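# Residue-level structural notes
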Amino acid sequence: MNYRKLGNTGLMVSEIGMGCEGFEEDQCRNTMRLFDAAERLGINYFDLYTSNPEVRSSVGKALKGRRDRFIIQSHVCSVWKDGQYKRTREIHDVKAGVEEMMSLLETGYVDVGMIHYVDSLEDWRVITEGPVLPYVLELKKEGIIRHVGLSSHNSQVALKAVKSGFIEVLMFSVNPCYDLQPASEDVNALWDEKNYKEPLVNMDPERQELYETCQRQGVGVTVMKAFGGGDLLDERLSPAGRALTPYQCLHYALTRPGVATVLAGAHSVEQLEASASYETASDEEKDYAMAFAAFPKISWKGHCMYCSHCAPCPKQIDVASVTKFLNLARAQGGVPETVREHYEVLPHHAGECIRCGACETRCPFGVGIMENMRQARELFGK
Ligand code: SF4
Ligand code: SF4
């Protein structure tokens, strides 16, 4: 298993993480099985969005004796009422929900406390101007949550939250179809057939900015909906009109700037093992570039997808990484020190480009790579 830095939190997380959808099964006996399998597979990052007390309690039991081996992001503002999960900003309910969560988990702390499901600017305003954010910051001060997170499907809200400086971890929905759509307060609109009627070209600029800002500011992104709820794996259901493989979806999410882990949903040990097998998949199996290029309704012309399909370079330049750092610097209008440091440690730099053009013939998206290498050399000085 590969581990990545979760932004600036100091935590190292497995790039394949886990959602909690499968915990409920078999009267929550599945939770223990999934935690055991995760430990064997090297998966150390779990999301716990659900407020179901039985699930929370089963997670508490599964963590006994091995708390330090797992990193838990659990959600604040997600409560259980009348036998149902509910999102709330009512401070009395929020506090009661956190108290119940801590008592059921029996762990003393959660690594990341997510402000749950913020999909509108108005909701973000209520959170920041009302008592919720101060309460969450207080929880951090007391060590009950170690880092503050936020979950969202809306790039505009997420960007505002990230820029506010309060958020250290962002749980965000990342897949190649969502990435084409502008921000929406209704998550269903991101999948609505009518929004895919006209051909779609290139990533929504706000989403691009979101990922780049997360990387620049050291906000770790944990990914939900990488498979579009499974629809992306099925040609009949995928808005792109073609199916992708699980490895391609995982690789796409893991190659977005700022992303630390993908929370793969698993209902069984076998499903968890299938997601973890991404770690041993070949580059060809992970390569999403040709699949994207064949999408009938979508194109990414001239836009670098960081797919590495242009490799190998005779000078061993990692074109995808150089382009990523170039784009981060371009977005900033200068070279931030952290980006420069990342660029410096690349084993080969844009300045070594001999303009052979081999990469451009292999890039399915028609990116002007040689010009990018020239600009990177100019900007970074090597
Ligand atoms: S330049 Fe083209 S092939 Fe290379 S990483 Fe970017 S999109 Fe992929
Ligand atoms: S043009 Fe430059 S970056 Fe592309 S393959 Fe040739 S040397 Fe490598």
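Everything here concerns the structure above.
Conventions adopted
Residues numbered from 1 in each chain as written. Chains lettered and ligands numbered in written order. Predicted model: local features only at pLDDT ≥ 70, side-chain atom pairs only at ≥ 80, totals over all residues. Heavy atoms only, no water. Near = heavy atom within 4 Å. 1 Å grid on protein atoms, 1.4 Å probe; cavity = no way out; pocket = protein on both sides within 12 Å on 5 of 7 lines; lining within 4 Å. Sits in = over half its atoms within 2 Å of the grid points. Nonpolar A, V, L, I, M, F, W, Y, C, P; charged D, E, K, R; others polar. Helix = DSSP H or I, 4+ residues; strand = E, 2+ residues; numbered from the N terminus. Expected span 1.5 Å × (residues − 1). Contact = heavy atoms within 4.5 Å. Axes fitted to C-alpha atoms, helices over the stretch in contact; angles between N-to-C directions. Parallel < 35°, antiparallel > 145°, perpendicular 65-115°, else oblique. Core = buried A, V, L, I, M, F, W, Y, C linked by side-chain atoms within 4.5 Å. Buried < 20%, exposed > 50% of the residue type's maximum accessible area, 1.4 Å probe, protein only.

The next subject is the site of ligand 1. Close to ligand 1 lie 13 residues, the nearest being Cys 304, Cys 307, Ser 308, Cys 310 and Cys 363. In this structure the site holding ligand 1 corresponds to the second largest cavity. Along the lines of polarity and charge, the residues of the shell around ligand 1 split into 11 nonpolar, two polar and no charged.

With 13 residues, helix H7 (residues 205-217) should reach 18 Å at 1.5 Å per residue; the first-to-last C-alpha distance of 18 Å fits that figure. On its buried face, H7 sits against helix H6 (155-164), strand E10 (169-173), strand E12 (220-224), helix H12 (319-332) and helix H13 (337-344). Two residues or fewer past H7, Gly 218 is found with a positive phi of approximately 70 degrees.

Between H7 and H12, the shortest axis-to-axis distance is 10 Å and the interhelical angle comes to 95 degrees. With respect to H12, the axis of H7 lies roughly perpendicular. Here Gln 208, Glu 212, Gln 215 and Arg 216 of H7 come into contact with H12, specifically with Lys 324, Phe 325, Asn 327, Leu 328, Ala 331 and Gln 332. For the contact of H7 with H12, the class distribution of residues is three nonpolar, four polar and three charged.

The biggest cluster of nonpolar side chains holds 106 residues, and the ones touching the most others in it are Phe 23, Phe 35, Ile 115, Leu 170, Phe 292 and Phe 365. When residues in this core are grouped by element, the largest group, seven residues, is from H12. If we skip the residues at most four places from it in the chain, Phe 23 touches Met 18, Cys 28, Asn 30, Thr 31, Leu 34, Phe 35, Phe 46, Leu 48, Val 55 and Val 59.

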